[in-house]
Every structure is written in C-alpha cells, then in structure tokens.
Protein chains: 2
Amino acid sequence: MKYQYIQHKSATPLAEKPALNLLQQDICLPAALLKQTAIQHNLQWMQRFAQASGVLLAPHGKTSMTPWLFQQQLAVGAWGITVATAYQAQVAAQAGAKRIILANQLVGVANMAIIAALLAGGTELFVCIDHADNANALAAFFATEQIVLPVLIELGVPGGRCGCRSNQQAVALAKHIAGLPALALAGIEFYEGVINTNDTEHSVRQFVQQAAALCKALLRLQLFKHTNLLISGAGSAWYDIVAAELSKATLPPTMQTVLRPGCYVSHDRGIYQQAQQLIEQRSALACKLGAGLHNALELAVYVQSLPEPGLAVLGFGKRDAAFDAGLPQAIAIYRNGQMLSDKLQDCQTTKLMDQHAFWRYSPALTPKIGDIVILGASHPCLTFDKWRTLWLTDNDYNLLQQVDTCF
Amino acid sequence: MKYQYIQHKSATPLAEKPALNLLQQDICLPAALLKQTAIQHNLQWMQRFAQASGVLLAPHGKTSMTPWLFQQQLAVGAWGITVATAYQAQVAAQAGAKRIILANQLVGVANMAIIAALLAGGTELFVCIDHADNANALAAFFATEQIVLPVLIELGVPGGRCGCRSNQQAVALAKHIAGLPALALAGIEFYEGVINTNDTEHSVRQFVQQAAALCKALLRLQLFKHTNLLISGAGSAWYDIVAAELSKATLPPTMQTVLRPGCYVSHDRGIYQQAQQLIEQRSALACKLGAGLHNALELAVYVQSLPEPGLAVLGFGKRDAAFDAGLPQAIAIYRNGQMLSDKLQDCQTTKLMDQHAFWRYSPALTPKIGDIVILGASHPCLTFDKWRTLWLTDNDYNLLQQVDTCF
C-alpha cells in the first residue's frame with residue numbers, strides 16, 4: 001500500500017515524499033487551508049491593536065474551535081479565550097487557557113457540571129447572567145458544589161439578543177445576585193454586534209457608554225463581589241469603537257476592559273473584510289498599525305465537471321464552506337502546479353449544493369477537469385465547523401501541518 | 001469527579017445513573033437525537049418500497065455519514081451504499097458496504113488512490129464519468145495501478161449539474177471509454193433532483209425515459225464491458241417515478257435498477273416531508289405501504305434567555321442545525337421531565353445566529369429558562385454534518401447509545 005489514511009474528510013493519502021504540496025495533488029481535495037503567514041500577521045496585528053488601545057484580548061474561540069489557534073492567540077499575549085458554550089470552555093481550558101469568558105448564559109445541570117469542574121481545576125472563568133431565574137438556578141447548583149461562580153451581567157438592547165434591556169433591570173439583577181453567596185458579580189458583558197439602526201455606529205457608541213455607566217452605578221452601589229473586575233464587549237466589527245468609548249469612560253483601574261473579536265484570526269473575503277475596511281477608515285490607530293488583516297482561510301477544490309460552455313462544477317459544496325453571507329469565490333486557479341490565473345473577478349460562484357458548486361467562468365479562461373481552484377469565503381465560523389482538520393500551508397501551498405478543530 | 005467527558009460537542013457528563021434520560025438533564029444540550037422507532041420504521045418502509053418496486057437500494061450515505069446508519073441500511077437489505085466523494089467511499093467500506101456507487105466524478109490523484117485501494121481490497125465500486133478528459137486521467141491512473149475501474153456514464157440535463165447533456169454525447173463518451181482498457185463501462189447514472197421546470201414531474205419522467213433509451217442504445221452498440229450492469233437514479237424526492245419509469249422501460253435482466261435516496265432514513269420536518277407527501281399522493285404503492293416516513297432527527301435545546309415578552313433565545317444556532325431550507329421549528333417543550341405542550345404551531349423560530357436562535361412564542365405559553373425545547377429541522381444532511389455524535393433515543397428520550405458521524 002503506497003498510501004496512509006486518516007479518519008476525517010481531509011483524509012490524506014500521504015505520498016511517500018519528504019514534503020507535501022497541495023498543488024502537486026499530494027492530498028485529497030476539497031481541503032480547507034490556513035495560510036501560516038496570514039495567521040501570524042493577524043495574530044500580531046490584533047495584539048498590537050489591543051496593546052496600543054490599553055485593552056486585553058480574550059479572542060472568541062467559537063469562530064475556529066481550533067486549539068492550535070487558541071494556543072497561538074495565547075502565545076502572542078491574549079489574556080484569555082472567550083467561548084459560547086460549556087463544551088467550548090472545556091476545549092479552551094484543555095488548549096491551555098487559564099482565563100475563560102463564557103459570553104453566554106450557562107443553563108442546564110450537565111453544562112453547569114463542566115464549568116464547575118473547570119473552576120475546581122483552577123481555571124479563572126466568568127459566565128453571563130441576564131435573569132434572576134438563571135441566577136437562582138446557578139446559585140443552587142454551585143452552592144451544592146461549594147464553588148463560587150464569577151458572573152458578569154449581560155447588558156442587551158431592545159430588539160437584540162440576550163441581556164438585560166436597561167441599566168435599571170441590570171441593577172435590580174445585581175442586587176438579586178448580591179443575595180446569592182454562590183455567585184460573585186465580577187463585571188459587565190455586552191455584545192454590540194446585534195445593533196442595527198439607521199446610524200449603527202452612533203447606536204453602538206451610545207450602548208457602550210450605557211454599559212460604562214452601568215459599571216459606575218454598580219461600583220457606586222458596591223455590588224461587585226469579585227477581585228478582578230471586567231467590562232467586556234466587541235466582536236470583530238466594532239472593536240475599535242468599543243475600545244475608544246471604554247477608554248473615554250475612565251473606569252477605575254480595578255476594572256479591566258476585555259475585547260472578544262474572533263474572526264480576525266482567519267479573517268475572510270466577505271463580511272469581515274468589509275467590517276475591517278470600515279474600521280480602517282474610521283480608526284486612526286488601525287490605520288497607523290498598517291497592513292490591516294489578511295485572509296488566511298482558503299478552500300482548495302477540483303474542477304470536477306465542465307458540462308456546458310462557461311459552467312464548471314467544482315468539487316465542494318455546503319458540506320465544506322460557509323454560504324450564509326455570500327458564496328465562496330475563486331482567488332486563483334492552478335494546473336500541474338502552475339498558476340493559470342489569479343485575475344478571476346469575472347468568474348462567479350453562483351450556487352452551492354451539498355457537495356457541488358456552480359462556477360460561471362469568463363470566456364478568457366479555459367479550465368480543465370482536474371485544475372485546482374483556490375477560493376476564499378465569507379463568515380469563517382461556518383467554514384471552520386465543516387472540517388475536523390485544516391491544513392496549515394505556506395504561501396506556496398507546501399503543507400506544514402494539520403490542525404484539528406474541536407466542534 | 002462526578003462526571004466523565006468525551007471530546008465532542010455533545011460532550012456528556014455521564015451522571016452516575018444506570019440509565020440516562022435527556023429530559024432529566026443527564027447530558028449537555030444542545031444535542032442532536034435520532035429516534036430509534038422512527039429510524040427502524042423508515043428503514044423498513046423504504047426497503048419494502050424497493051422490494052415491491054423490483055429495484056435495489058444503495059441509500060445515499062452523504063446524508064448522514066453515520067456508519068451505524070449505513071450498517072442498519074445494509075442489515076435490512078440495501079444492495080450497497082452511495083457516496084459523493086472518495087473519502088465517503090472509504091467510510092462506507094469501513095462500515096461494511098461491499099458495493100459502493102460513487103455518484104460523482106472521481107478527480108485528483110489522492111482521491112483516485114483511495115478508490116484504487118478499495119477496489120484492490122475487494123469492494124465492488126462504481127464511479128461516474130461525464131467527460132473524455134476525466135476518462136483519460138482515470139485510465140492513466142488505474143492502468144498504472146493495474147486495476148480495472150468500473151464506471152457509469154452520468155447523464156445530465158441542460159442547465160443542470162454534472163453529466164452529459166444528450167444521449168449523443170453519452171454514446172460518444174462510451175465509445176471513447178471502450179478504447180481505454182483500464183475502464184469498464186458498467187452502466188448509466190443520473191440525478192433527476194436538479195430538474196426544475198413548469199411541469200417538473202413530466203420532465204423527470206422524460207429524463208428517466210431518456211436514460212433508459214441511452215441504456216438500450218449502449219446495449220445495442222455492445223459498449224458495456226462489465227458483468228454487472230446498473231442503471232441508477234433517484235434522490236428522496238422522485239424515487240417513485242424513477243422506479244415506475246424504469247420498470248416500464250423493460251430493460252434486460254442483466255441491467256439492475258439501483259435507487260439512491262438518502263434523506264429517507266432520518267426524514268425531516270421540511271422539504272423532504274413535503275416531497276414525501278407528494279410521493280404518497282401520486283404513488284399507489286407508497287399509499288399501500290401506509291404510515292409514510294417519520295421524522296427521526298430532532299434537536300434538544302435549552303430556553304436560555306427570556307429578554308422580552310414573547311421572545312425566547314434558545315441555546316442553539318447555525319452551529320447545530322440546517323438553516324438553508326427553512327429554520328428548525330419547535331415540536332414540544334418540557335419542564336422538569338414533564339411535557340408542557342406539543343401544540344406549538346403558533347410559535348416560530350424567526351432567526352438563527354451562530355450559537356443562538358430567536359423563538360417567538362405564543363401568549364398561551366409561559367416558558368422558563370431551563371425548559372427543554374425539542375425541534376425538528378428541514379434538510380437533514382446539513383444538520384448531521386454539524387455533529388460528531390448523535391444520541392439514539394427511545395420515544396421517552398431515554399438515551400440508548402451514541403452514534404458517530406464521519407465527516
């Protein structure tokens with residue numbers, strides 16, 4: 001047998017070669033790739049942004065759920081890792097995160113048990129609360145476990161997702177939490193990414209100011225019960241404004257600002273690329289740091305069928321890539337290891353089925369079955385979760401290592 | 001430590017109980033469930049339909065990619081398993097399939113190597129071809145491997161996906177294949193599910209008739225070179241018509257009809273439920289078999305937040321369920337192990353984010369945080385691929401076993 005196999009869909013017949021190269025057909029396609037240079041650039045860029053802004057980073061791990069990326073994020077200076085579920089918190093802790101924000105409500109006995117085990121093991125961990133009923137359920141569980149659970153009150157917006165809808169509600173909840181000895185109020189959490197108004201930027205600024213005012217009110221009322229206080233907001237679209245507004249708010253030094261962007265690490269060629277362009281337009285700091293973020297997440301697929309003039313069926317589909325915020329689009333096409341073209345703006349992916357993509361190519365191009373097309377996608381979270389393993393590559397598509405996801 | 005953990009997102013703190021029950025909060029939610037009774041019913045129903053129709057079944061494995069389900073399908077009498085990629089073929093073979101249809105073109109050296117290894121290991125395997133270039137590439141690879149590759153010519157439709165666009169094209173390709181000793185033409189494959197016309201049923205019938213006529217032409221020209229000949233079509237929406245039309249075509253007994261429905265095994269509460277209702281309306285046989293197909297794939301999630309009157313945020317999202325053919329909708333809601341209601345027609349899931357769902361509930365309902373909502377979804381393929389493990393349950397949500405997916 002000339003080949004070895006591994007048990008996931010980027011199954012790899014490892015040719016008997018000292019080094020594998022994607023363009024030499026050494027691995028099965030479709031495959032998902034992380035470009036090493038872009039990943040390292042993005043890691044450094046966001047860490048420099050946070051340092052220059054005087055804020056801490058707890059990158060949202062739900063984007064990639066890739067422990068190797070969590071380790072890279074922590075290695076360049078991230079304060080902790082953010083997650084959305086108890087299971088994700090466990091993965092982050094196993095990857096080495098000492099501080100974890102569960103930026104979500106913790107509900108259900110089995111989920112609470114995971115968090116209790118992590119706290120008992122020494123992880124510094126914070127969960128969000130937006131309702132007295134949930135506070136009571138958590139207090140009952142953690143009292144039995146004889147563990148104090150650090151909690152953040154989630155502030156939301158009317159019409160938004162989770163979270164108290166006003167500072168008044170949040171203060172009432174804080175008072176309720178103060179009566180529950182198993183809970184220790186440690187700060188405020190919010191997510192501005194659900195705001196969508198006629199002037200979203202202005203609404204985001206107002207919301208961050210409201211969160212800062214809530215912090216000050218809770219400090220005044222002495223309702224915080226934890227030693228390390230946090231105020232945490234920001235996805236990948238508004239982190240500049242959250243950092244700027246919280247800086248202006250002059251909170252006491254005992255309260256640290258923690259930002260939670262997630263998608264920056266892989267970046268994308270869609271909605272996050274657009275969001276980052278806006279950030280670079282409005283943020284002098286982002287501008288000064290230069291060279292923005294680079295897309296690191298690519299798909300490599302075969303031209304599988306050429307059934308009609310101008311139409312290629314590519315060998316990937318909804319099984320392999322995000323498709324909810326624009327379809328993956330081609331970046332370059334290769335044949336026999338050589339680039340045919342990276343000017344594919346006139347080509348377009350028009351439809352995805354489960355395992356196939358329809359690609360309308362321009363008359364200037366004459367693709368052949370077996371050509372390799374490299375694509376970029378929009379919304380990296382939903383591409384990551386289609387893969388158990390991604391290939392880390394250099395810019396020449398030499399394959400450096402495999403990195404596993406933990407969904 | 002009271003709990004054990006396993007490494008995937010339906011991570012299971014296994015309470016120290018002889019039997020686990022989902023409604024008793026014994027496992028982490030969200031979780032994906034397969035209802036044992038419905039699975040067994042669907043397996044039997046489709047097998048009876050195939051037997052009564054005089055056709056063989058090679059259920060499409062790409063739907064579930066769950067070896068346990070492949071084994072169930074084979075155990076009740078499936079002739080083989082259909083797959084969409086070389087990697088999927090490997091999974092099917094490891095699950096015990098002795099006959100596999102790769103209902104797709106085989107492109108790329110590493111993918112070919114997987115298929116070569118399966119053939120060398122004794123698996124009876126067929127791959128699809130729609131282009132002379134692909135035939136040449138396959139012939140070159142398999143000649144070097146000294147293996148003869150059984151191939152099916154894929155017939156497609158203008159405006160459709162892969163496949164020759166006419167019988168004339170297909171015959172020309174068959175003649176080309178006849179000149180390639182490493183390839184053995186073994187039949188015809190088509191997929192009618194891409195047809196969408198003013199009278200789709202009529203167009204599907206015509207297309208199946210065209211495929212049968214192509215078979216007869218190739219038989220007349222003595223272009224088949226394999227001992228076991230196949231004609232294969234049918235997804236989960238038109239299998240009755242494909243079976244009926246191929247029966248009418250009176251092909252010789254050396255040519256077996258193999259249908260490839262995939263979604264029937266879990267069924268759904270959306271597009272496949274609608275397709276099956278149409279089948280039961282038009283097929284006397286489906287009617288006679290009675291009791292149709294039952295949805296077997298459910299999601300169990302927590303009410304996580306109740307931020308505004310009438311709005312619940314449920315603890316699942318695009319990370320956990322298909323959302324491309326209608327959003328998952330609630331079937332029932334439970335509290336403390338007791339059903340609160342299964343009349344939830346006035347409630348509606350209105351939006352999914354990555355990890356959250358917006359659920360507008362009716363004034364008749366007063367959900368609480370921690371209530372468990374059971375949902376059904378549309379398009380099972382894209383729910384399966386969000387999970388590494390699903391829970392097999394009885395109708396009372398006792399947890400019978402975990403079954404792994406292999407994406």
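Numbers given to residues run from 1 along each chain, matching the order in which its sequence is written. Here every chain gets a letter starting at A, and every ligand a number starting at 1, in the order they are written. Note on the predicted model: pLDDT of at least 70 is required for a residue's local features to be given, and 80 or more for side-chain atom pairs to be given and counted; whole-chain, interface and lining totals, by contrast, use all residues. For the side-chain quantities, the full set of heavy atoms in the structure was used; hydrogens and water were omitted.

A. View of the pairing of strand 8 (residues 229-233) of chain A. Residue and element names in this part refer to chain A. Only protein chains enter the calculation, and the probe is 1.4 Å; a residue is then buried if its accessible area is under 20% of its type maximum, exposed if over 50%, and partly exposed in between. Here a strand is any run of E in DSSP of at least two residues, a helix any run of H or I of at least four, and the numbering for each starts at the N terminus. With five of five residues buried, strand 8 lies mostly within the body of the structure. Covered by surrounding structure in strand 8 are L229, I231 and G233 together with L230 and S232, the residues of both alternating faces. Clockwise travel from the first strand over the helix to the second, with the strands pointing away from the viewer, marks a crossover as right-handed. Each parallel crossover has a hand, and the one from strand 7 (residues 183-190) via helix 7 (residues 200-220) to strand 8 is right-handed. Bridge count for strand 8 against strand 9 (residues 255-259) is five bridges, and the pairing is parallel. Residue L229 lies in a different strand from strand 9, and its bridge partner there is M255. Here a strand pair is declared whenever DSSP counts at least two bridges between the two strands.

B. Quick look at the side chain of B:K35. All names here are of chain B. Along the chain, the position of K35 falls in strand 1 (residues 31-35). A polar side-chain atom of K35 sits 3.3 Å from a polar atom in the side chain of E298. Should any heavy atoms of two residues lie within 4.5 Å, those residues are considered in contact. Setting aside chain neighbours within four positions, we find K35 in contact with A296, E298, T393, D394, N395 and Y397. Any pair of nitrogen or oxygen atoms within 3.5 Å is treated as a polar contact; in protein, a donor-acceptor pairing is required on top of that, and neighbouring residues in sequence qualify only through side-chain atoms on both sides.

C. Expanded view of helix 2 (residues 67-75) of chain A. Within helix 2 of chain A, burial applies to A:P67, A:W68, A:L69, A:F70, A:Q72 and A:Q73. Looking one or two residues beyond helix 2 of chain A, the residue adopting positive phi is A:G77, at roughly 125°.

D. Representation of the packing of helix 5 (residues 132-145) of chain B against helix 6 (residues 167-178) of chain B. All names here are of chain B. Angles shown run from 0 to 180 degrees and are taken between the N-to-C directions of axes, each axis being a line fitted to C-alpha atoms and, for helices, limited to the stretch in contact. Following both chains from N to C, one finds helix 5 and helix 6 inclined at 20°, their axes separated by 10 Å at the closest point. Viewed along their axes, helix 5 and helix 6 adopt a mutual orientation that is roughly parallel. At the point where helix 5 passes helix 6, the crossing takes the right-handed sense. Where helix 5 abuts helix 6, its residues A132, A135 and N136 lie against L173, H176 and I177. Amino acids outside the nonpolar list (Ala, Val, Leu, Ile, Met, Phe, Trp, Tyr, Cys, Pro) and the charged list (Asp, Glu, Lys, Arg) are all regarded as polar, and Gly is one of them. Classifying every residue of the contact of helix 5 with helix 6 gives four nonpolar, two polar and no charged. Roughly parallel means an angle under 35 degrees; roughly antiparallel, over 145; roughly perpendicular, 65 to 115; everything else is oblique. By definition, turning the near helix anticlockwise from the far helix through less than a right angle yields a left-handed crossing, and turning it clockwise yields a right-handed one.

E. Region of the structure containing the sheet that holds strand 3 (residues 81-83) of chain A. Residue and element names in this part refer to chain A. Ordered by their spatial adjacency, eight strands build an open sheet running 2-9-8-7-6-5-4-3, and the pairing between neighbours is parallel. The sheet terminates laterally at strand 2 (56-57) and strand 3, the two strands that pair on one side only. Two strands pair when backbone bridges link them, and strand 4 (residues 99-105) and strand 5 (residues 124-129) are joined in this way by five bridges, in the parallel orientation. Bridge pairing in strand 5 links I101 to F126. Sheet strands touched by helix 5 (residues 132-145): strand 4, strand 5, strand 6 (149-155) and strand 7. Its angle to strand 5, the strand with the most contacts, is close to 145°.

F. Representation of the interface of chain A and chain B. Listed per partner, the contact involves 79 residues of chain A and 78 residues of chain B. By buried area we mean the combined loss of accessible area, with a 1.4 Å probe, across both parts when two parts are placed together. Across the chain A/chain B interface, buried area totals approximately 6,200 Å², and carbon plus sulfur atoms make up 54% of it. On the chain A side of the contact with chain B, A:R161, A:R319 and A:R388 bury the most area, a combined 11% of that side's loss. A side-chain nitrogen of Lys or Arg and a carboxyl oxygen of Asp or Glu constitute a salt bridge if their distance falls within 4 Å. Here chain A and chain B share ten salt bridges between them. In this structure, B:K62 and A:D354 form a salt bridge, with 2.8 Å as the shortest nitrogen-oxygen distance. Our count for the chain A to chain B interface comes out at 40 residue pairs in polar contact (both at pLDDT 80 or more).

G. Looking closely at the nonpolar core. Nine residue types can take part in a nonpolar core, namely buried Ala, Val, Leu, Ile, Met, Phe, Trp, Tyr and Cys, and a core is a set of them joined through side-chain atoms within 4.5 Å. Grouped together as the largest cluster of nonpolar side chains are 287 residues, with contacts concentrated most on A:I115, A:F142, B:I115 and B:F142. What A:I115 contacts, discounting residues up to four positions off in sequence, is A:A86, A:A89, A:L102, A:L106, A:L125, A:V127, A:F142 and A:L149.

H. Structural detail: the domain arrangement of chain A. Domain boundaries shown here were taken from an automatic or database domain assignment. Under the domain assignment used here, chain A contains domain 1 (22-34 + 294-404) and domain 2 (98-261). Summarising the inter-unit geometry, the C-alpha centres of domain 1 of chain A and domain 2 of chain A are found 40 Å apart.

I. Up close: the sheet that holds strand 7 (residues 183-190) of chain B. All names here are of chain B. Reading across from one edge, 2-9-8-7-6-5-4-3 is the order of the eight strands in this open sheet, with parallel pairing throughout. Of all strands in the sheet, those with a lone pairing partner are strand 2 (56-57) and strand 3 (81-83), marking the two edges. Here strand 2 runs beside strand 9 (residues 255-259); their pairing, made up of two bridges, is parallel. The residue of strand 9 that forms the bridge with L57 is L259. Docked against the sheet, helix 8 (residues 239-248) engages strand 7, strand 8 (229-233) and strand 9, running at close to 170° with respect to strand 9.

J. Representation of the environment of A:I374. All names here are of chain A. Examined against the element boundaries, I374 turns out to sit in strand 16 (residues 372-376). Considering only alpha carbons, one finds I374 and N395, 21 residues apart in sequence, at a separation of 12 Å. When sequence neighbours within four positions are dropped, the list of residues in contact with I374 reads L22, L33, E298, L299, A300, Q329, A330, I331, A332, Y334 and Y397.

K. Spotlight on helix 7 (residues 200-220) of chain B. All names here are of chain B. For a helix, the expected span equals 1.5 Å multiplied by the number of residues minus one. Here helix 7 contains 21 residues, and its C-alpha end-to-end distance of 30 Å stays within 8% of the 30 Å for a straight helix at 1.5 Å per residue. Listing the buried residues of helix 7 in full gives T200, S203, V204, F207, V208, A211, A212, L214, C215, A217 and L218. In the core, the buried residues of helix 7 are packed alongside strand 6 (149-155), helix 6, strand 7, strand 8, helix 8 and strand 9. Remark: Q222 follows helix 7 within two positions and exhibits a positive phi of approximately 55°.

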